[in-house]
Amino acid sequence: MLQNIYSNKLKKISEPVRQFGGLIILIIIVIFSFAILNNIFGEGEELIAKMKKEEERIAETRKQNELISSLPSGILVFYDGTDHYKLSLEQYEKVCNATKIIPQRAIMGANFLNFRAHHIYTINGNKIDETFVKWNKENNKCFAGFTVSGNNVGVDEIITVKGEVLNFLSTGIDTRVYFIKNF
């Protein structure tokens, strides 16, 4: 009986008003659904912080790429008395921070000074576990190195060879460590 009364009242309302009411109800349902989904899946401030951090990383990468493309191809040094391109201290720091590649030539040169590292490197099939290039703010110098281990050939030993980067090799596309001075 109560149902009949309400259905009769609804039938008396004009069609455009019923459609507008239905549209309002649909909009409320959609907004409410998105609010629930945002509470469940939304990261809000964390997402914004991540996006800003990524934008800063991309901007820094662009600056480093511009620097590297502006340098001449060939050997880059930071000390006097050479025929190669001499980097300023600022360029030296930026090139160090942009460099991620340590070619086998630099590794083999550093290995010759560390017989045990050379031995493990040779018996494990020239496998390098990790390489690193880091800027030392305290000394204003660039340091590079690598880690070799004999775990895959039964030698339970891990050796890290590190030293000062004496020069870089610029290919025009990237920079690489050219020579490591061991300690």
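Up top is the structure these notes are about.
One structure accompanies this document, and this report is about it. Only a predicted model underlies this, so the values are computations on that prediction, with no experimental measurement involved.

## Regarding the side chain of S149
Then step 1. Turning to its location among the elements, S149 is positioned in strand 4 (residues 141-150).
Then step 2. On the basis of relative accessible area, S149 is assigned to the buried category, the value being 6%.
Then step 3. With near-sequence residues (within four places) excluded, S149 lies in contact with I120, N124, D129, E157 and I158.

## A look at the packing of aromatic side chains
Then step 1. Taken as a whole and judged by the stated rule, the model has 3 aromatic pairs.
Then step 2. Geometrically, the ring pair formed by F78 and Y92 is stacked, given 4.1 Å between the ring centres and 25 degrees between the ring planes. Remark: Y92 occurs in helix 4 (residues 89-98) and F78 occurs in the loop between strand 1 (74-77) and strand 2 (85-86); sequence separation between them is 14 residues.
Then step 3. Taken together, F78, Y92, W135 and F168 form an aromatic cluster joined through their ring pairs.
Then step 4. The ring of F132 has K134 lying over it, and the distance from NZ or CZ to the ring centre is 5.3 Å.

## A few points about unusual backbone geometry
The general pattern is negative phi for most residues beyond glycine and trans for most peptide bonds.
Then step 1. For N126, which is not glycine, the phi dihedral falls at a positive 60 degrees.
Then step 2. Topologically, N126 is positioned in the loop between helix 6 (115-123) and strand 3 (130-136).
Then step 3. Residue N126 is classed as partly exposed on the basis of its relative accessible area, which comes to 42%.
Then step 4. One non-glycine residue with positive phi stands out, namely N140, at about 55 degrees.
Then step 5. By the element assignment, N140 lies in the loop between strand 3 and strand 4.
Then step 6. Of the residues examined, N140 reaches a relative accessible area of 37% and is grouped as partly exposed.

Parameters and conventions
Residues numbered from 1 in each chain as written. Predicted model: local features only at pLDDT ≥ 70, side-chain atom pairs only at ≥ 80, totals over all residues. Heavy atoms only, no water. Helix = DSSP H or I, 4+ residues; strand = E, 2+ residues; numbered from the N terminus. Buried < 20%, exposed > 50% of the residue type's maximum accessible area, 1.4 Å probe, protein only. Contact = heavy atoms within 4.5 Å. Phe/Tyr/Trp six-rings, centres within 6.5 Å; stacked < 30°, edge-to-face > 60°. Lys NZ or Arg CZ within 6 Å of the ring centre and 35° of its normal.

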